Amino acid sequence: MKIITSGASYLDIDAYACCIAYAELLNLQGIPARAVSSAKPNASVSKTVLDWGRAFQTHEPLLTDEFILVDVSDYHHFDPLVMLDQVVEVIDHHPGYEDYWAKKLGSAADIRPIGAAATQVFQRWQISDLLAKISEQSAALLATAILDNTLNFTSQMTTAADIDAYAELAFRAKLATDWPEKYFLECQASINSDLANALATDLKRLKPESNLPQVFAQMTVWDADALLQKHRPAISQWMAEQGDDWMLNVISIRDRKSCLLVEPELSQQKLNRLMQFGWCSGMAVVEPSMLRKELLKLSLSVAPCSKS
Ligand SMILES: [Mn+2]
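Residues numbered from 1 in each chain as written. Predicted model: local features only at pLDDT ≥ 70, side-chain atom pairs only at ≥ 80, totals over all residues. Heavy atoms only, no water.

Quick word on the overall build of the protein chain
- Across its full length, the protein chain holds eleven helices and twelve strands.
- Taking 308 residues into account, the globule formula puts the C-alpha radius of gyration at 19 Å, and the protein chain, at 19 Å, falls close to it.
- Taken across its 308 residues, the protein chain has 56% of its residues classed as buried.
- Of the contacts made within the protein chain by residues no fewer than 6 positions apart, 67% connect residues no fewer than 24 positions apart. (Helix = DSSP H or I, 4+ residues; strand = E, 2+ residues; numbered from the N terminus. Rg over C-alpha atoms; globule rule 2.2 N^0.38 Å. Buried < 20%, exposed > 50% of the residue type's maximum accessible area, 1.4 Å probe, protein only. Contact = heavy atoms within 4.5 Å.)

In structure tokens:
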């Protein structure tokens, strides 16, 4: 059995969509495969998305299982059900582990800079000549993952392939033209209703020697100013409880900007080594918006922080 899974701590819409849509494709091709995860979906898996009703499957682990990882390639963060030496395929768009997997898996490692891993999975559907048979739900999931991960096509990571994939998938899923705005407003509503959970389920803990703050949270909303106006004190307090080196990237789709909330001086200094920021009372605005993986990429290109 091929087990399709992703990261350990939470599932965003991209990981969620890739697991489900890729399992569906392999099953259509006659390959036994299941979407399985120990992690819970985060705020990017909005209410309407959950209502599409495509849930993960349960699975009793067998020694003969093989693992396919989607939307993650850093093996420190794999779902705990994964047996590392039985990983047979990796599909991801995060930087840092390309060489490791290329050596291990050759062409079965598909790790490249692209807006969404969902686009990579879409391309597998396309190549398979089975696209006409994709379920409406899988098409809707992949399309929404592309919207989210490309920040409604405003991220610098967006490629022509992401735009083409969305057009094709949105058509097959019969998504309304106002779905992007509706989707990001739903994500914002979900964050508003449970702030601590939203922060905890899009948070990455990075190594101390990394050139980025050790606690790096991110959330994507329609209107970041409204969110921060309402919740800034609570957010700052929650983040400070996670450590003394932290940042939060609040991506505002409507305004095409990132609000970086970075209160510790040390954390601001780390970021200042990567690019210029105009700090103003613990915050800097970046236009156009930036994703965590873009900052990660920048951080890999400068010399490591000294471990003093
Ligand atoms: Mn992704």
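What about the sheet that holds strand β6 (residues 87–92)?
- Taken in spatial order, the five strands line up as β3-β1-β5-β6-β7 in an open sheet, and their pairing is parallel. In the strand order of this sheet, the two ends are held by β3 (33–35) and β7 (109–111), each with one partner. Direction aside, the axes of adjacent strands within the sheet are offset by 20° on average.
- In the sheet, strand β5 (residues 66–70) pairs with β6 via four bridges, with the strands oriented parallel. The partner of Val70 across the bridge, within β6, is Ile91.
- Along the sheet, helix α3 (residues 98–105) makes contact with β6 and β7, crossing β6 at roughly 145°.
- Contacts between helix α4 (residues 117–128) and the sheet are confined to β6 and β7, with β6 contributing the most and set at about 115° to the helix. (Pairing = 2+ DSSP bridges. Axes fitted to C-alpha atoms, helices over the stretch in contact; angles between N-to-C directions.)

Let's talk about helix α1 (residues 13–28)
- Over its 16 residues, α1 extends 22 Å from the first C-alpha to the last, a length consistent with the 22 Å expected when each residue adds 1.5 Å.
- With respect to burial, α1 is a largely interior element, 14 of its 16 residues being buried.
- The residue sitting at the N-terminus of α1 and contributing the capping side-chain oxygen is Asp12; that oxygen lies 3.0 Å from the backbone nitrogen of Asp14.
- Gly30 sits one or two residues past α1 and shows a positive phi near 85°. (Expected span 1.5 Å × (residues − 1). Polar contact = N/O pair within 3.5 Å; in protein donor to acceptor, adjacent residues only side chain to side chain.)

Comments concerning the domain arrangement of the protein chain
- If you check the domain split of the protein chain, you get domain 1 (2–182) and domain 2 (194–300).
- One C-alpha centre belongs to domain 1, the other to domain 2; they are set 25 Å apart.
- Counting residues at the interface gives 18 residues for domain 1, matched by 20 residues for domain 2.
- Between domain 1 and domain 2, the buried area comes to about 1700 Å², and carbon and sulfur atoms account for 64% of it.
- When the buried surface of domain 1 facing domain 2 is broken down by residue, Tyr10, Pro95 and Leu151 rank first, second and third, together holding 34% of it. (Domains from an automatic or database assignment. Buried area = accessible area lost by both parts, 1.4 Å probe.)

Some remarks on the environment of Thr48
- In this fold, Thr48 is placed in helix α2 (residues 47–51).
- For Thr48 and Ala140, which are 92 residues apart along the polypeptide, the C-alpha to C-alpha distance reads 11 Å.

Remarks on the nonpolar core
- One finds Ile4, Trp125, Leu142 and Leu169 to be the most contacted residues of the largest nonpolar core, which totals 55 residues.
- The dominant element in this core, judged by the number of residues it contributes, is α1, at twelve residues.
- No fewer than three residues from each of domain 1 (2–182) and domain 2 (194–300) sit in this core.
- If sequence neighbours within four positions are ignored, Leu169 has contacts with Phe122, Ile134, Ala139, Leu142, Ala143 and Ile146.
- Val215, Met219, Ala224 and Trp246 belong to the second largest nonpolar core, which has 22 residues in total. (Core = buried A, V, L, I, M, F, W, Y, C linked by side-chain atoms within 4.5 Å.)

Side note on the packing of α1 against α4
- Their axes nearest at 9 Å, the elements α1 and α4 cross at an angle of 15°. Classed by the angle they form, the pair α1 and α4 counts as roughly parallel. Relative to α4, the crossing made by α1 is left-handed. Here Asp14, Cys18, Ala21, Tyr22, Glu24, Leu25 and Leu28 of α1 come into contact with α4, specifically with Ala117, Ala118, Val121, Arg124, Trp125 and Ser128. (Parallel < 35°, antiparallel > 145°, perpendicular 65-115°, else oblique. Left-handed = near helix turned anticlockwise from the far one by under 90°.)

What about the coordination of the manganese ion?
- At this site the manganese ion is bound by Asp14 (OD), Asp71 (OD), His93 (NE2) and Asn149 (OD1), with donor distances of 2.1 to 2.2 Å.
- For the manganese ion, all donor residues lie on one chain, and their spacing in sequence is D-x56-D-x21-H-x55-N. Placement of Asp14 in helix α1 and of His93 in the loop between β6 and α3 is noted, with a sequence separation of 79 residues between them. (Donors = N, O, S within 2.8 Å, 3.2 Å for Na, K, Ca; no water.)

Side note on the sheet that holds strand β9 (residues 215–221)
- Spatial ordering of the open sheet is given by β8-β9-β10-β11-β12, a layout of five strands whose pairing is mixed. Unpaired on one side and paired on the other, β8 (203–205) and β12 (283–286) mark the two borders of the sheet. The average angle at which neighbouring strand axes cross in this sheet is 20°, direction not considered.
- Examined bridge by bridge, strand β11 (residues 257–261) and β12 share four bridges and lie antiparallel to one another. Residue pairing in the sheet places Cys259 in a bridge with Val285 of β12.

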